Amino acid sequence: MWGKLNDWITWVALGRIRDSFLGKAITAISLAALVLGNVGKALADAGLDPLSAQLTFGGSAIFLVGYLSFSVFVPSEFRKGGDIDEIVGRLQSLSDFMFFKSRRDMAAALFSDIRISSIFGLPDGARLFLRSKLEETAAATARDWEAKAAGLYHADLNLRAYIRPLARIWVAITFGAGIVLLAAPTLFNVVKTMFPGVG
């Protein structure tokens, strides 16, 4: 089970949720829910269901915790969002030989640290891909590094997307719980509208 979940909740996938329209809408709903949460009596007097406001407030607050947790725990390469290819393009635009060497050192440190301290299994393909790119770039010089840079950056990011598994699980849980709590009032209202005698 962890293998499938681990593949689904990479930092790239979580970044997509954070950057999605849903993520931005939930942030706006959070602000609205804050206001609504402070006028509960007025809502009840107006005939609105206070439970819906509470679920909306709770869901948006939990989603916001996930949003902020993502910002704290995500590796810096994934903060701006985008797919790995987009991030590789950004790294290449910054690249010179010294940058390439520092990124290679970071990738080598990641590879050795992950082999030692991985709590959960990592995709074998990602580890093998990074190892092959580290071997391929070991003797890179100022003349030939550019041809090898994209492959190294891609392999590094591909494995880096799986680091901090407990933080990724936490962010995924808070995103999911927030979305469920936000969807509940909508579902209740749809059921009430479609089946007036229910609820």
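To be clear, the structure that these remarks concern was listed above.
For the structure given in this document, a descriptive report is provided here.

Conventions and cut-offs
- Residues numbered from 1 in each chain as written.
- Predicted model: local features only at pLDDT ≥ 70, side-chain atom pairs only at ≥ 80, totals over all residues.
- Heavy atoms only, no water.
- Helix = DSSP H or I, 4+ residues; strand = E, 2+ residues; numbered from the N terminus.
- Expected span 1.5 Å × (residues − 1).
- Buried < 20%, exposed > 50% of the residue type's maximum accessible area, 1.4 Å probe, protein only.
- Arc of directions from axis to C-beta.
- Patch = residues over 30% accessible without salt bridge, like charges linked within 9 Å, V, L, I, M, F, W, Y side chains within 5 Å.
- Areas by Shrake-Rupley, 256 points an atom, 1.4 Å probe, with all protein chains shown as cover.
- Salt bridge = Lys/Arg side-chain N within 4 Å of Asp/Glu carboxyl O.

1. A word on helix α8 (residues 124–137)
And then number 1: For α8, spanning 14 residues, the distance from its first C-alpha to its last is 20 Å, which sits close to the expected 20 Å at 1.5 Å a residue.
And then number 2: When we look at burial in α8, the residues that qualify are A126, L130, K133, L134 and T137. Buried residues of α8, seen end-on, are gathered within an arc of 105 degrees and therefore sit on one face of the element.

2. A closer look at a nonpolar patch on the surface
And then number 1: Judged by side-chain polarity, V65, V72, F73 and W170 come together as a nonpolar surface patch covering roughly 370 Å² of accessible area.
And then number 2: Counting residues per element, the nonpolar patch draws most heavily on helix α5 (residues 50–73), at three residues.
And then number 3: Classification of W170 as partly exposed rests on a relative accessible area of 40%.

3. Quick look at the pattern of salt bridges
And then number 1: What the rule picks out here adds up to eight salt bridges.
And then number 2: Among the ionic pairs, E77 bridges to R103, the shortest N-O distance being 2.9 Å. Of this pair, E77 sits in the loop between α5 and α6 (84–94) while R103 sits in helix α7 (residues 97–117); the two residues are 26 residues apart in sequence, bridging distant segments of the chain.
And then number 3: Accessibility expressed as a relative area gives 6% for R103, which makes it buried.
And then number 4: R131 is paired through a salt bridge with E135; the nearest N and O atoms lie 4.0 Å apart. One end of the pair is R131 and the other is E135, both in helix α8 and four residues apart, which spans about a single turn.

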